[in-house]
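Residue-level listing of the chains:
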Amino acid sequence: MRIGIVVHGPNIIDSGYALKLINLLEEYGEIKVRLGGTMGRTAVIDASLENVIDISRKLVPSDSLRIFHDDDVDVIFLLNYGKSDVTGQVFGYKVYNHYIEKIDDNDIPVIQIERPGEDDGSIIPWNNDCELASELAQRLRLNIVWPDEVYENHIKQDNPGLNQRIVHGVSPGENIMVNSVIIGRTNSNQLTLIARDNHIVDIVGGELKQHGLEKLGEVDLDSAIIKTGLLRHAKVNPRVISTEKPNDFTVTFLDHAGEDVYRFRDSSLVITVGDDTTLISSDILYRFDIPVIGITDGDLDKVVEDGFKVKNSIIFEVESGFDDIIGQDIKSKLFGNKPESHDFKNIDEVKDEIVEIIKNINCNYKINYIN
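Model, not experiment: these values are computed from the prediction.

A. How the structure looks around a negative patch on the surface. The grouping of D71, D72, D74, D104, D105 and D107 at the surface amounts to a negative patch. Looking at the element boundaries, D72 is found in the loop between helix 4 (61-70) and strand 3 (75-80).

B. Representation of the sheet that holds strand 16 (residues 292-296) in the model. Sheet architecture is open: six strands sit in the order 18-14-15-16-17-19, paired in mixed fashion. Lying at the two open borders of the sheet, with one neighbouring strand each, are strand 18 (340-341) and strand 19 (365-369). Packing of helix 11 (residues 347-361) onto the sheet brings it into contact with strand 14 (251-254), strand 15 (269-273), strand 16, strand 17 (314-318) and strand 19, and relative to strand 17 it is tilted by some 5°.

C. Examining the packing of helix 5 (residues 85-100) against helix 7 (residues 147-155) more closely. Relative to each other, helix 5 and helix 7 sit at 115°, their axes nearing to 10 Å. When the axes of helix 5 and helix 7 are compared, the pair comes out roughly perpendicular. Note that helix 5 runs across helix 7; the crossing there is left-handed. Where helix 5 abuts helix 7, its residues V86, Q89, V90 and Y93 lie against V150, Y151, H154 and I155. Along the lines of polarity and charge, the residues of the contact of helix 5 with helix 7 split into six nonpolar, two polar and no charged.

D. Region of interest: the packing of aromatic side chains. In total, this model carries nine aromatic pairs according to the counting rule given. Consider the rings of Y96 and W126, whose centres lie 5.7 Å apart with planes at 15°: the pair is stacked. Of this pair, Y96 sits in helix 5 while W126 sits in the loop between strand 5 (122-125) and helix 6 (131-140), placing them 30 residues apart in sequence. The exposure class assigned to Y96 is buried, which follows from its relative accessible area of 8%. The residue whose ring lies beneath K20 is Y17, and the NZ or CZ to ring-centre distance is 4.7 Å. Across the ring face of Y262, the terminal group of R41 is positioned such that the distance to the ring centre comes to 4.3 Å.

E. Quick look at the pairing of strand 1 (residues 2-8). Within strand 1, six of the seven residues are buried, leaving the element largely enclosed by the surrounding structure. Of the pairings in the sheet, the one linking strand 1 to strand 2 (residues 30-36) comprises seven bridges and is parallel in character. For I3, the partnering residue across the bridge sits in strand 2 and is I31. Both strand 1 and strand 3 contribute to a ladder of five bridges, which runs parallel. Directly across from V6, in strand 3, lies its bridge partner L78.

F. Structural view of the nonpolar core. I5, V7, I13, I53 and F77 are the most contacted members of the largest nonpolar core, which totals 48 residues. At five residues, helix 2 (residues 17-25) tops the list of elements feeding residues into this core. Residues contacting V7, with those up to four places away along its chain left out, are I12, I13, A18, I22, V33, R34, L35, G36, I53 and L79. With 23 residues, the next largest nonpolar core counts F249, F253, L269 and V350 among its residues.

G. Broad picture of unusual backbone geometry. Unusually for a residue other than glycine, S48 sits at a positive phi of about 55°. Locating S48 in the fold gives a position in the loop between helix 3 (40-46) and helix 4. The exposure class assigned to S48 is partly exposed, which follows from its relative accessible area of 44%. The backbone phi angle of D197 is positive, close to 55°, even though this residue is not glycine. Mapping D197 onto the fold places it in the loop between strand 10 (191-196) and strand 11 (199-204). Look at D197 and you get exposed, because its relative accessible area is 63%.

H. Summary view of the side chain of N175. Among the structural elements, N175 can be located in strand 8 (residues 175-178). Of note is the side chain of N175, whose polar atom sits 2.7 Å from the side chain of R185.

I. Inspection of empty space enclosed by the protein at higher detail. Taken as a whole, this structure holds two cavities of 30 Å³ or more when the rule is applied. Reported here for the second largest cavity is a volume of approximately 40 Å³. Forming the boundary of the second largest cavity are R2, I3, E30, I31, K32 and V73. Secondary structure elements with two or more residues in the lining of the second largest cavity: strand 1 and strand 2. Take the lining of the second largest cavity: its biggest share by element is three residues, from strand 2. Classifying every residue of the lining of the second largest cavity by side-chain character gives three nonpolar, no polar and three charged.

J. Examining the sheet that holds strand 13 (residues 226-228) more closely. With respect to topology, four strands assemble into an open sheet ordered 12-9-8-13, the strand pairing being antiparallel. The strands lining the two open edges of the sheet, one partner per strand, are strand 12 (206-208) and strand 13. For this sheet, the mean inter-axis angle between neighbouring strands, taken without regard to orientation, is 30°. As judged from the four bridges shared by strand 8 and strand 9 (residues 181-186), these two strands associate in the antiparallel manner.

Rules of the game
Residues numbered from 1 in each chain as written. Predicted model: local features only at pLDDT ≥ 70, side-chain atom pairs only at ≥ 80, totals over all residues. Heavy atoms only, no water. Patch = residues over 30% accessible without salt bridge, like charges linked within 9 Å, V, L, I, M, F, W, Y side chains within 5 Å. Areas by Shrake-Rupley, 256 points an atom, 1.4 Å probe, with all protein chains shown as cover. Salt bridge = Lys/Arg side-chain N within 4 Å of Asp/Glu carboxyl O. Lys, Arg positive; Asp, Glu negative; His and termini not counted. Charge placed at Lys NZ, Arg CZ, Asp CG, Glu CD. Helix = DSSP H or I, 4+ residues; strand = E, 2+ residues; numbered from the N terminus. Pairing = 2+ DSSP bridges. Contact = heavy atoms within 4.5 Å. Axes fitted to C-alpha atoms, helices over the stretch in contact; angles between N-to-C directions. Parallel < 35°, antiparallel > 145°, perpendicular 65-115°, else oblique. Left-handed = near helix turned anticlockwise from the far one by under 90°. Nonpolar A, V, L, I, M, F, W, Y, C, P; charged D, E, K, R; others polar. Phe/Tyr/Trp six-rings, centres within 6.5 Å; stacked < 30°, edge-to-face > 60°. Buried < 20%, exposed > 50% of the residue type's maximum accessible area, 1.4 Å probe, protein only. Lys NZ or Arg CZ within 6 Å of the ring centre and 35° of its normal. Core = buried A, V, L, I, M, F, W, Y, C linked by side-chain atoms within 4.5 Å. Polar contact = N/O pair within 3.5 Å; in protein donor to acceptor, adjacent residues only side chain to side chain. 1 Å grid on protein atoms, 1.4 Å probe; cavity = no way out; pocket = protein on both sides within 12 Å on 5 of 7 lines; lining within 4 Å. Points joined across faces, edges and corners; volume = space filled by probe spheres on them.

Spelled out as structure tokens, the structure:
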């Protein structure tokens, strides 16, 4: 039997269940494993599993499923560890439905293993009542949840209109992230986002952050990736991978947190703009021993438990609202239309240029050095 396994998110990896399930499924045949999503990459690296779980490409979970479908495997597994049984089941429903929109036939069983080890953990056979799902449910002591149960309990009321989306499993005081941009904060355990003409205009159960909405811009609410709370809950010991850097000093510019940060892993220095972008990207780049120069304005929404930064990184804290303005000037003056710059010899030269740019804007600032 040829088995495709899609691992989603850091929690299933940090819990240790990703590896346990991979080893279990290997008893049934030849396996191939790939990641679905982005934040799980750091968890794979920290767990030294990059030779087990393919993290070479940035793929949404439905595309990871589709690749296994195109490889004509015999069965596909989706491994996930949601915040609750509700969030996990709704996540699986959306991933599975995005997946079937991308394929011509649907004759390969897709089985989700959700929250293994929890009392409310489950196995969901999305398109096939196969014996393997029943056998695994018994071995793992998990309940079988059927797709029509997920639909009736969580989805049926989920789309009262094309421009509304209910977000399940939230708690008060959590950040709301849409396509990697923080757009608000919850104040209830029930959350609904409302969009008009592909722009989020209102919220029920939370407060919107106007600056975040401006960064987000147009969005298809039905297909958007929406997360609340911390992106990674576990306390971790980050693993640093030695990578061969180019001979010259290569500086790159990171526009926003939604970009594929891993494509900057060969840089000597990365300039980041925005508090959340700096926090997320510096935490990832720490694994590759790459310092950052961050342009922030103190408007931070905590999205990871610990944000690691490489020694000698530099964080500029500027007046509120000036981080994007300064960022665009840096991009224009230091990079032009190029994706990277080779005009500097070290981080101090870059810092001095940024200081001049900030002074020309007549903006107050302070510099924090990471020791």
